[in-house]
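So the chains spell out like this:
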Amino acid sequence: MQRPYAFSEITNFQFVVLITGAQIGIGILTLPADVAEVADTSGWISVIIGWALTAVASIVIVKVMSYYPDSTIIDVFPKLFGKYIGGLFIIGWLLYALFAAGLVFYTSIFLIQIWILPHMPLYGLSILFSFPGYLVARHSVRVLGRYAEVVFFLTLWMFVFSFFLFENIYPSYLLPIIKDGWIPILQATHTVVLSFIGFEITFMLYPYLQDKTFAIKGVLIANSLTLGFYLFILFLCFIFFSPYEITSYKWPTLNLLKVIELPFIERLEILFLSFYLLTLSTTGIPYFYIAAVSLAKLFGKQEHKIPTIVLFSFMVIISFFYSPAEKQLEQLITFWGNSAIGISYIFPVVLLVVVYIIHKVRKRK
Amino acid sequence: MKKLTVLFILSFLFLNGCGGQLYLEKTTIALMLGIGTGEEERYRVLQTSPVFKEEAEKKTRTFTVEASTLREARKKLDSKTDGNVVFGKMQVVLVTRDLLKNTDIYEQLDTLYRDPKNTVTAYMVCYNGDLSDLVNYNPPDIPRLATHIKRLVSTTRENESTVATTLEIFRRLYLDKVLTPFMAEIQFKDGDLKTMGIALLNKDGRYVLSLNKHESSLILILRDDINYPVPLTLSIESSGEQKPGNISLDVIDLNRKVKTSHQDGSFSFDIQVKMDVNITESHLPFNTYKDKEKTEKLIQQKMEEKLTGVLNKLRENELTPLGFGLQARAQHYKEFKKVEDRWQEVFKEADINIDVEVEVQNNGTLSY
Amino acid sequence: MKFFGKERRINRNLYQKLQESFKDVSDFCIREITTDHNQFLLGYITGLVDSKDVSELIIKPILESKKQLSIEDMYSLTYVSNVRITRDFETISTSLRRGKSVLFKEHGDECLILGTPGWKERDIQEPQAESTIRGSHQGFIENIKTNIGMFRRYVPDPKLKMIDFHLGERSQTKASLVFIEDIADEDLVKEMMKRLKRIEIDSIINTGEIQDFIDDKTFTLFPQFLITERPDTTAAAVYQGRIALFLDHSPGVLVGPYSFASFLQSVDDYSIRWLPASFIRFLRYVSFFTSIFLPSIYIATISYHYELLPLDLTISIGESRERVPVPPLLEALFMEVVIEILREAGLRLPSPISQTVGIVGGIVIGQAAVEAGIVSNIMVIVVALTAISSFILPSQDMSNGIRLFRFPIMILAAFYGLIGVVAGLMIVIAHLVSLETLGTPYLNPLAPTRLKDWKDFVLRLPMGSMKTRPTQTRANDKRRQPSKGGK
């Protein structure tokens, strides 16, 4: 049988950066404050716990998909549950992806309005980002993968500047390692886990992966890269801001950059946030892609170009009529976050059980 | 594809004029804010900004307004200048000592922290004097007062005689329960602006006392917040001599260790300072080269005496700019948590030992 | 012409046909060669044949012959090297139009086609647009045979293949697809042939015209095939598994697949030591970004983000901007357009005049415009730097494309500041990742990331370390150096 997704195979590295790109997003800007709120500077332990949970969930996803090596999750749903119930699942998956895409899209714009262009209307920015978003999302996974790779290399330089921060730091802020016991640390895991969301795109990527034996290693590497990045930022924030100060910022990571002054450039947070949009785009675009592909699947189409146009136009049109206030956005994120935890951590386990039973039953027949 | 590209480009026509551009040459860039006491519970706010016009003779314009908050002041300044006043390139925030005595200045600076467009790297400086003196102070060789003050402070900081507290650091000091804020202090002396040392604020953000440059160096040594070399001049009475002799040192390496211990709700600190010094000047009546041990011992005693002196001065006033609390927090977290909110009192009562060890590394080119 | 009317012994058929077909073609000429024993007719087109060859190699042997000669005899007698016998009129007619002479015998119906082409040709020179310091100084000329010959000298490989065909319905321009059989990927060759066959046009004059037909994507500013006039560049590319297309009367040879990274390489990189070569490579990548983004970053900074600059710079820019009445976007657009005009003006003029244009333009832009307060002097620096940056790129096609990219991004910057610049960057990346050259990813080895090929990417590591051919070409034989690596 001709493998349906062979035309757009992705390399191992593309697989890794696609997942890492989808994981690293808005979360890291707020994460240090969110974590410190609950677990003080011991929060970094929560991040490691979150990573472990994520690693398990990712492996479960790979296990599920390895039963269907030539299908994406939206091909699996009809196979498992029949046309109509499967269709409902696809709609659910579509709504989830669309919600995620929309939230990344609007939160990015919101951040820009707060930090960089306070007078820029919402629709102006949404038109601006729809175009490059569309240019990538309308293509196949392979192009998405290449995009993620380029962004990965183009944003690496941003780390260099963090070394200029090592002037006013107090590593002793980190001590003692466990401050108020393990309970707050475990509580903070809830927040942390949200920042790891994004690995569930493995559901869509798996059939495209050239070397299927790499899948488990791939998700682990991707998660660890994310972990490394989060820990780096977290430690930087924790030793720079005092524990009393850090919770008073909404986006401590940006406040951190605000302090750096170099002879040729100052106010790095403006530069960084602008460039960080590249990273944010690798978070949003896969979701747009997933939503568009699901939409195309619902209508029985192979091409997802028209759905992509429809989705981005939808984003632009909404932006003309509705601009969410900060609190509303926060509520939406909380709502989405809960469903994301369900879909990324609990659903794969359930699905694995279902798939396992079905395969056992079929084998017996 | 082509159609979409065209559509994308056309969409900019709608956007024309609503992006909120702020052309550089049309802004009034506030380089310095001076905040002082005004009438009726209000503040006097002074702002200096550069003039871009080539024809203009003066390179700086200075405005003063009275307002009840900083943001209101900015609005009032807007109407006085020909461009929008922006705080994004602020160099210095001057607060008069009088104001600091009566107000919690941190609360007043709220807008500088809240609005992300504003900078947090401006220096906080305590100004001992009248704001109107600054308005009238425009010597021809100082075209921009703000940068002048910033350089004044940073050069003094490089000599380890004052601190360079930025808005960011000020906020950190203010919010940290174990620290109290401090900032550089300047004042007019003989018609010229001059860095005086450090102004220390208490936990409520109010001015308590000033330290002179020598004491400032000691504070920096105790904070382990120094860049080498640290120049020090000590006057030492050696036994058998009536007149004290001076000796100048460059501290080229310093190692400060704080040992914390805890007993029955009170903390004690053992501070060990290890200094490597070069002798740059000596008026002592003996051979510092031959009597290395003696010299070291004298310096050691003198340093211990001086450090203890300045420490006691801080403790009397319940000031904790030294940050020993950080160690207490790191090492005795549980006990610390209990007294966290009244740390200044605890520190006042704490048992502190200072132990200095000096090693002369280099005596200079002379053999006596 | 009188002569033809009288003589009846000559092959009427052929003669008539020729006369019909070359009616009103004034440069067609038929010469009668009559001796005591023989009567031949020789037809050719003046200007396409070497008259000396014709008289020395064809006419002279006939005149000197003492016996009766048949066409077959002539085949062995003539001194012309490229000879064949045919009876097909189509062939005869085509050969005539390609600069060959035809010789026919009075009674026979056969005809001898003699390759005596000869026309004025340019000498071999160094290609002006692609001059090198160390590399060879030969450039292709307007003759496919000479060109392939020059190229051949670099590639004496037994597996070198050439597929000949004609392009253009009317022009029937000769073209030749050249590759090394056991290196080049068959699929790529097939794909290339498929695309070339798709071309339906009356005439092809220059290699550049082919490009538009065989590009993977035409709505782009980036070149997907290299057009070079250098035999050494072509040879190096073919050795890497690429395919070259030679076209008659065009000094440009089309080479593909050619990736973005290859466009920023030059032959000189390999003839200097690897450290300076790497430095120059790196500079090129920096220039690539500067020439696209520098003016937009400047516009963004002074219309939105003055905070980014250090204070002293802010003040000096403010002072120089103060006199300029127009917004930064217009200022930049004006300067950019002026530079483009100057560049184009200088390009086509004879060099003494173009120098004058350069000097006048430079002074007008540099001095007078600033003094008159039309532009600020910082803008002059920015624009000059941008222009120079775009000249550092070795490929003309690439730098032309990049120059155009600059304008939309400048507009984005004026509307959205730095955000617009980044959005522009996103568009550039999105566009580049979706581009393909001959079905292979354009951004290889960046995306897909092939770390092995990074030895010859932003840096050029020593030749010894490049053990494999680039993955771009999907070469059959991946091994470049016998020891390790590859298969």
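Here is what the cut-offs are and how they apply
- Residues numbered from 1 in each chain as written.
- Chains lettered and ligands numbered in written order.
- Predicted model: local features only at pLDDT ≥ 70, side-chain atom pairs only at ≥ 80, totals over all residues.
- UniProt positions renumbered as here; feature names shortened; annotations may be inferred.
- Contact = placed C-beta atoms within 7 Å.
- Helix = DSSP H or I, 4+ residues; strand = E, 2+ residues; numbered from the N terminus.
- Nonpolar A, V, L, I, M, F, W, Y, C, P; charged D, E, K, R; others polar.
- Pairing = 2+ DSSP bridges.
- Axes fitted to C-alpha atoms, helices over the stretch in contact; angles between N-to-C directions.
- Core = buried A, V, L, I, M, F, W, Y, C linked by C-beta atoms within 7 Å.
- Buried ≥ 20, exposed ≤ 12 C-beta atoms within 10 Å, placed from the backbone.
- Domains from an automatic or database assignment.
- Parallel < 35°, antiparallel > 145°, perpendicular 65-115°, else oblique.
- Left-handed = near helix turned anticlockwise from the far one by under 90°.

Under the annotation held in an unreviewed UniProt entry, chain B carries the name Ger(X)C family germination protein and is attributed to Melghiribacillus thermohalophilus. According to its UniProt record, chain B has this under Sequence similarities (unreviewed entry): "Belongs to the GerABKC lipoprotein family."

In the annotation of an unreviewed UniProt entry, the entry for chain A reads Spore germination protein (Amino acid permease), and the organism field reads Melghiribacillus thermohalophilus. Recorded under Sequence similarities (unreviewed entry), the UniProt text for chain A is reproduced unchanged: "Belongs to the amino acid-polyamine-organocation (APC) superfamily. Spore germination protein (SGP) (TC 2.A.3.9) family." Its UniProt record gives chain A a comment under Subcellular location (unreviewed entry), which states: "Membrane".

A. Summary view of the interface of chain B and chain A. Listed by partner, the interface residues are 21 residues for chain B and 25 residues for chain A. Among the secondary structure elements, those contributing two or more residues to the side of chain B that touches chain A are α9 (167-175) and α12 (324-331) of chain B. If you tally residues by element for the side of chain B that touches chain A, the top one is α9 of chain B, at five residues. Per-class residue counts for the side of chain B that touches chain A are 10 nonpolar, six polar and five charged.

B. Representation of the sheet that holds strand β11 (residues 230-236) of chain B. All names here are of chain B. Pairing is mixed in the open sheet, where four strands are placed in the order β11-β12-β13-β14. The sheet is open, and its two edges are formed by β11 and β14 (351-362), each paired on a single side. On average, adjacent strands in this sheet sit at an angle of 40° to one another, irrespective of strand direction. Examined bridge by bridge, β11 and strand β12 (residues 245-263) share seven bridges and lie antiparallel to one another. Directly across from isoleucine 236, in β12, lies its bridge partner glycine 245.

C. Quick look at the nonpolar core. Judged by nonpolar contacts, the single largest core of 220 residues is most densely connected at Ala97, Tyr147, Leu205 and Ala291 of chain A together with Ala244, Val421 and Val422 of chain C. At 19 residues, helix α13 (residues 268-298) of chain A tops the list of elements feeding residues into this core. The two domains that each donate at least three residues to this core are domain 2 (144-258) and domain 3 (273-441) of chain C. Non-local contacts of valine 421 of chain C, meaning those with residues more than four positions away in its chain, are made with Phe293, Ser296, Ile297, Ala300, Ile409, Leu412 and Ala413 of chain C. Grouped together as the second largest cluster of nonpolar side chains are 93 residues, Ile35, Val86, Ala184 and Phe269 of chain B included.

D. Main features of the interface of chain C and chain A. Contacts between the two partners involve 25 residues from chain C, matched on the other side by 33 residues from chain A. Among the elements that line the side of chain C that touches chain A, the one with the most residues is helix α18 (residues 418-434) of chain C, at 12 residues. For the side of chain C that touches chain A, the per-class residue count stands at 18 nonpolar, six polar and one charged.

E. Just unusual backbone geometry, in detail. Glycine 256 of chain C connects to proline 257 of chain C through a cis peptide bond whose omega is -5°. With respect to the secondary-structure elements, proline 257 of chain C resides in the loop between β10 (253-256) and α10 (260-263). You will see that glutamate 40 of chain B, though not glycine, has its phi angle at about 50°, which is positive. With respect to the helices and strands, the residue glutamate 40 of chain B is situated in the loop between β2 (32-37) and β3 (43-50). The phi angle at arginine 474 of chain C is positive, at roughly 50°, despite the residue not being glycine. Note on placement: arginine 474 of chain C falls in the segment after β12 (440-441).

F. Region of the structure containing the environment of glycine 50 of chain A. With respect to the helices, strands and loops of the structure, glycine 50 of chain A is situated in helix α3 (residues 43-66). Once residues within four sequence positions are removed from consideration, glycine 50 of chain A is found in contact with Thr189, Val192, Val193 and Phe196 of chain A.

G. Main features of the environment of threonine 20 of chain A. All names here are of chain A. Looking at where threonine 20 falls in the secondary structure, it is placed in helix α1 (residues 12-23). With 168 residues separating them along the chain, threonine 20 and alanine 188 place their C-alpha atoms 21 Å apart. Aside from chain neighbours lying at most four places away, what touches threonine 20 is Ala222, Leu225 and Thr226.

H. Structural detail: the UniProt feature "domain: Spore germination protein N-terminal" (unreviewed entry) in chain B. Using the residue numbers shown here, the UniProt feature "domain: Spore germination protein N-terminal" (unreviewed entry) corresponds to residues 24-186 of chain B. Between the C-alpha atoms that bound residues 24-186 of chain B there is a distance of 31 Å. The span itself is 34% helix and 27% strand.

I. Quick look at the packing of helix α14 (residues 328-348) of chain C against helix α15 (residues 351-371) of chain C. All names here are of chain C. Relative to each other, α14 and α15 sit at 165°, their axes nearing to 9 Å. One finds that α14 runs roughly antiparallel with respect to α15. In the packing of α14 onto α15, the handedness of the crossing is right-handed. On the side of α14, the interface is formed by Met335, Val338, Leu342, Ala345 and Gly346, while α15 contributes Ser354, Val357, Gly358, Gly361 and Ile365. Residue composition of the contact of α14 with α15, grouped by class: six nonpolar, four polar and no charged.

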